[in-house]
Amino acid sequence: QHGRERTARAAACFASLHRYNMPAHIRAAQQAIQAAKGHVHLKGSSMDKITSVVIPMGFTVAALGLLTKGLDDLSWGKNRKEGF
């Protein structure tokens, strides 16, 4: 039951896109992506590893470094402002 409703909603949504004069190659790509099951990866290059592994790891390392420095400063009383 839900599958038919979802398909009907998707067809109605896609039909409404025809009003915007979408180019045929974009419409074909959109249909292919929407018809795919599971995860869709738009790129396919080695840049995926940089964007999905290296950058988050860099943020994690930086955050842990700042956290460690902050805890060290708190425990030893370093970098205190005057009057606090």
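Structure shown above.
Residues numbered from 1 in each chain as written. Predicted model: local features only at pLDDT ≥ 70, side-chain atom pairs only at ≥ 80, totals over all residues. Heavy atoms only, no water.

Asker: Would you explain unusual backbone geometry in this entry?
Answerer: Phi at Asn79 takes a positive value of approximately 55 degrees, unusual for a residue other than glycine. With respect to the secondary-structure elements, Asn79 resides in the segment after helix H3 (47–76). The class for Asn79 is exposed, based on a relative accessible area of 62%. (Helix = DSSP H or I, 4+ residues; strand = E, 2+ residues; numbered from the N terminus. Buried < 20%, exposed > 50% of the residue type's maximum accessible area, 1.4 Å probe, protein only.)

Asker: How do you make sense of H3 when you look at a structure like this?
Answerer: A turn of α-helix holds 3.6 residues, and therefore any two residues three or four places apart point the same way. Over its 30 residues, H3 extends 42 Å from the first C-alpha to the last, a length consistent with the 44 Å expected when each residue adds 1.5 Å. Of all the bends found along H3, the most pronounced is centred on Val54 and spans about 25 degrees, while Pro56, a proline, follows it within four residues. Gly77 lies just past H3 and shows a positive phi near 70 degrees. (Expected span 1.5 Å × (residues − 1). Bend = angle between axes of the 7 residues up to and from the residue.)

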